[in-house]
Amino acid sequence: MTMKSPYRIIYCLNQFFGGLGGEDKADHPPCIFDGPKGPAILLQQRFPEVQVVKTVVFGDNYIAGKTDVAVAEVLALLRNSIDFSGADAPHLLLAGPAFLAGRYGIGCAAICKAVQEEFGLPAVTAMHPDNPAVAEYRKEVLIGVADKDVMGMEEGLDRMLALGKKLIHHLPLVPEEDNYILQGRRQNYFTQKSGAERAVEMLLRKIAGLPYRTEYVMPSFDRVPPAAPLSDLSRARIALVTSGGIVPRGNPDRIESASASRFGTYSIKDVAALSSEGYQSIHGGYDPTYANQDPNRVLPLDVIHELLTEKVFGSLHPYYYATVGNATSVARARDFGRDIGQRLVADGVQGVILTST
Amino acid sequence: MLTIGRTWVRDLKFGREWSLRDHILTIEKNGLRTFLLGRDSRIEKLVISLARPGESVRILCVKDVIQPWSKAKGKPAGAGLRQVLSNVTVVTCGKIVGFQEGIIDMSGAGASYSPFAETFNLVLEIGVSKKLTAQEHEECVRESGLAAAEFLGKAVLCQPPDKEESFAPLASPVDPLLPRIAYVYPLLTQGLLHDSYLWGKNARNGLPQYIEPHLLLDGAITSGNCVSACDKNTTWHHQNNPIILELFRRHGRDLNFVGVLLTCEPVRLAQKEEAVAKVIEIAGNLHLQGIILSKEGFGNPDADQMMLIRKFTEMGVKTVAISDEFAGADGCSQSLADTTVEADAIVSVGNANERLLLPPQTVIFGPVSDLSRLAGAYPQSLHADGSLEIELQGIIGATNELGAQTLSCREI
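Let me begin by describing the structure that accompanies this report. (Residues numbered from 1 in each chain as written. Chains lettered and ligands numbered in written order. Predicted model: local features only at pLDDT ≥ 70, side-chain atom pairs only at ≥ 80, totals over all residues. Heavy atoms only, no water.)

Okay, the sheet that holds strand 2 (residues 11–14) of chain B next. Residue and element names in this part refer to chain B. Read across the open sheet, the three strands follow the order 2-4-3; overall the sheet is mixed. Edge strands, defined here as strands with exactly one partner in the open sheet, are strand 2 and strand 3 (19–21). Across the sheet, the mean angle separating the axes of adjacent strands is 20 degrees when strand polarity is ignored. Bridge count for strand 2 against strand 4 (residues 24–27) is four bridges, and the pairing is parallel. Its bridge partner being in strand 4, D11 is matched across the sheet by I24. (Pairing = 2+ DSSP bridges. Helix = DSSP H or I, 4+ residues; strand = E, 2+ residues; numbered from the N terminus. Axes fitted to C-alpha atoms, helices over the stretch in contact; angles between N-to-C directions.)

Moving on: the packing of helix 1 (residues 39–46) of chain A against helix 6 (residues 153–168) of chain A. Geometrically, a packed helix pair is captured by the angle between its two axes and the distance between the axes. Residues and elements named next belong to chain A. Across the interface, helix 1 lies against helix 6 with an axial gap of 10 Å and an inter-helix angle of 70 degrees. Between helix 1 and helix 6, the crossing angle belongs to the class labelled roughly perpendicular. Relative to helix 6, helix 1 is oriented so that their crossing is right-handed. Mapping the contact onto sequence places P39, L42, L43 and R46 in helix 1 and M153, E154, L157, D158 and L161 in helix 6. A per-class count over the contact of helix 1 with helix 6 returns six nonpolar, no polar and three charged. (Parallel < 35°, antiparallel > 145°, perpendicular 65-115°, else oblique. Left-handed = near helix turned anticlockwise from the far one by under 90°. Contact = heavy atoms within 4.5 Å. Nonpolar A, V, L, I, M, F, W, Y, C, P; charged D, E, K, R; others polar.)

Attention now moves to empty space enclosed by the protein. Take a probe with the size of a water molecule and roll it over the atoms, and the empty space left behind shows itself. All names here are of chain B. In this structure the tally under the stated criterion is three cavities of 30 Å³ or more. Estimates place the volume of the largest cavity at around 110 Å³. In this structure, the largest cavity is lined by 13 residues; those nearest its centre are K63, E138, R142, G224 and N225. When contributions to the lining of the largest cavity are tallied by element, the ones reaching two or more residues are strand 6 (57–66), helix 2 (134–156) and strand 17 (221–225). Residue classes in the lining of the largest cavity are distributed as three nonpolar, four polar and six charged. Here the lining of the largest cavity spans two domains, since at least three of its residues come from each of domain 1 (2–163 + 360–375) and domain 2 (168–354). Taken together, I4, R6, Q67, R82, V84, L217, Q239 and N240 make up the full set of residues lining the second largest cavity. Among the secondary structure elements, those contributing two or more residues to the lining of the second largest cavity are strand 1 (2–7) and strand 8 (80–85). In terms of residue class, the lining of the second largest cavity is built from three nonpolar, three polar and two charged. Both domains that meet at the lining of the second largest cavity, namely domain 1 (2–163 + 360–375) and domain 2 (168–354), each give it at least three residues. (1 Å grid on protein atoms, 1.4 Å probe; cavity = no way out; pocket = protein on both sides within 12 Å on 5 of 7 lines; lining within 4 Å. Points joined across faces, edges and corners; volume = space filled by probe spheres on them. Domains from an automatic or database assignment.)

Attention shifts here to the interface of chain A and chain B. Contact with chain A, which involves 60 residues of that partner, is made by 77 residues of chain B. At the junction of chain A with chain B, the criterion picks out four salt bridges. Here E411(B) makes a salt bridge to R138(A), at a shortest N to O gap of 3.0 Å. In this structure, the connection of chain A to chain B is made through 31 residue pairs in polar contact (both at pLDDT 80 or more). With twelve residues, the single largest contributor to the side of chain A that touches chain B is helix 7 (residues 195–208) of chain A. Partitioning the side of chain A that touches chain B into residue classes produces 25 nonpolar, 19 polar and 16 charged. Where strand 7 (residues 186–190) of chain A and strand 25 (residues 407–411) of chain B come together, five bridges link them in antiparallel fashion. Residue pairing for strand 25 of chain B: Y189(A) is matched across the bridge by S408(B). (Salt bridge = Lys/Arg side-chain N within 4 Å of Asp/Glu carboxyl O. Polar contact = N/O pair within 3.5 Å; in protein donor to acceptor, adjacent residues only side chain to side chain.)

All right, on to the nonpolar core then. Formed by 72 residues in total, the largest nonpolar core has its most connected members in L25(B), L124(B), Y183(B) and Y185(B). Built from parts of two domains, this core gets at least three residues from each of domain 1 (2–163 + 360–375) and domain 2 (168–354) of chain B. Among residues more than four places away in sequence, those in contact with L25(B) are V9(B), D11(B), L12(B), K13(B), S19(B), L20(B), L85(B), V88(B), L152(B) and V156(B). By size, the runner-up hydrophobic cluster in this structure holds 60 residues, among which are Y11(A), I82(A), L92(A) and L161(A). (Core = buried A, V, L, I, M, F, W, Y, C linked by side-chain atoms within 4.5 Å. Buried < 20%, exposed > 50% of the residue type's maximum accessible area, 1.4 Å probe, protein only.)

Let's shift gears to the environment of I104(B). All names here are of chain B. Mapped onto the elements of the fold, I104 is located in strand 10 (residues 102–105). On the basis of relative accessibility, which here comes to 0%, the residue I104 falls in the buried class. Along the backbone, I104 and V57 are 47 residues apart, and their C-alpha atoms lie at a distance of 8.3 Å. When residues no more than four places from it in sequence are discounted, the contact partners of I104 are V57, R58, I59, V62, V65, V91, S114, F116, A117 and I396.

Now for the layout of surface pockets. The calculated volume of the second largest pocket comes to roughly 1,100 Å³. Together, 36 residues line the second largest pocket, and R186(A), E215(A), Y216(A), R410(B) and E411(B) are the ones closest to its centre. Contributions of two or more residues to the lining of the second largest pocket are made by strand 7, helix 7 and helix 10 (330–346) of chain A together with strand 25 of chain B. In terms of residues, the lining of the second largest pocket owes the most to one element, helix 7 of chain A, which gives four residues.

Spelled out as structure tokens, the structure:
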């Protein structure tokens, strides 16, 4: 990028750094100015290649109190004053640094998130790692590490711009070098040593009481509280859901045998039991011979009908839902579960029998 | 004392007779064909091909990879000279048995993920009678591959190796202050096409047990697994277990390698608990300070690994475990199916859900029709120009949990 086409930047500040006033102006709704204000002026002085085209200023309280409303107002201000597809479209939005200021941090991060989603514009903020906004926004917003207070202003500005340039030019972030808050995304990379060499080295350090760094920090698992028991099973509508990969033969929805990207919905109206001619398992990770011989072994429709005849429960939902659990990520499985759950609730189902492989 | 004699080749070709001259390995194709068809009448189709490093070749539906070897008669297992062709393999491939065969690309982006893009590969595409069950199909291909590797080794390994490496018995005294370390080596033994073999017998019975590492380097374990390609421990990986080699390399210098606890990865919880208890019992007699723990497969075996970590930590033994991750294509999901707080020293060998776009390869070995059914592929995997979109999961050895590769994973 030459001096003729500088980095055009939109800057966001709170009422204090934007020059509106102190705590007395903390309820001020967002407003927009041409050119730089406060720290944005400093940024432009430090980096001649930067041109701050607009500065958005918002009251801390206002944005932290009604974030959705305030962010929508910011988006409207930007939409009305900037042509995001024209020749002079901005390259980047910067917000902060917010240091340890919680309300300011939320404002900066929420605007960054909205602007990148709404306009596809790269956006960066900076704050102290203990700023409460970090926990809420770090996965979606690129946050540079900043000091506790304004003493770290210049460092914070430099860091935000450096990170912004990386986003603009699609350069990879390097955790050890780029001084940003990690975003919870796992990425592969090649090291110098084999896994076996790293393992032995790590063990010798661990035994010797020397510091070592695990390459994967254990996540804390979700615990799902079980739903209350059904009050009257004899009247309950029951559905079948499986992650065991039982689908109509031919796999009409082409569900993958690993890392499933979808689930299927299949009618079992008037089907008393699953036949090996009509159904099959498409689940990787286990030998499907026995499941294919008798698909009821994974999705027990035959037994369900026996119980229905015995009036153990009220009625059977006429559809079953199926996907493949093999290598399917937890995040995706959660999406499937939520989606299937909503459909079942909408269809008046009270109980579900979940089977796996 | 076990000595491994390694010989390297610089080319691999077909010719009229078997030979290894000037580091050029010549394979007499008809002789090999006659041998393999003669020993197993279940083979209906056999295509023998070569795949060299850097060639535009893609091998599909790979089942196993084996290092050719030769052992002088009369020497017991774990002792004497074992000769191997260090950078030559036998690769078996063919119609899919259990969804989880994989691919090897000899050039392009995929080549950097598999150790077998760097080796000279003799590829056997084996087709069997349709009457066979999946289990018989698997057995036929497995045994044919092993037979071919032994046949090849015997045919050409008759001169002194390029390099010898000796492994002294562990009983030799070392500095008593060095930390006592064992290697806990789980084999996938879930049945249903997820099996490993010890001395040619299904390893589902008889594990856990203490075993001398020399026996393992002498080919005690072979693979019969249709588990995901990326973290399947092929026979080649068992023959060249990098953890055993690394512990030997540092034995007597930085640590005291006291041996291997070979264990299983069964399916049922009660079996898992029983196996872990047995490992702990054997380990109790070894006065250990630390263990390295490997893995095969993912998901269900995560539970075995976490249980072992927890129990060893409880007995005061420091653990480091090697695992791959399934963190989703975007890397944002939880990586493992089971966890424990004691697992505070994990070596990550990569996120197997990462999606790759591999460039087209000119020559394809193996059944293209089965490609989209491989674990890690999807219906739209094969593009019109021959490029292949696939998860890392589908590449043989890409996230090997014996730590053979340099791939790792980190949070960004």
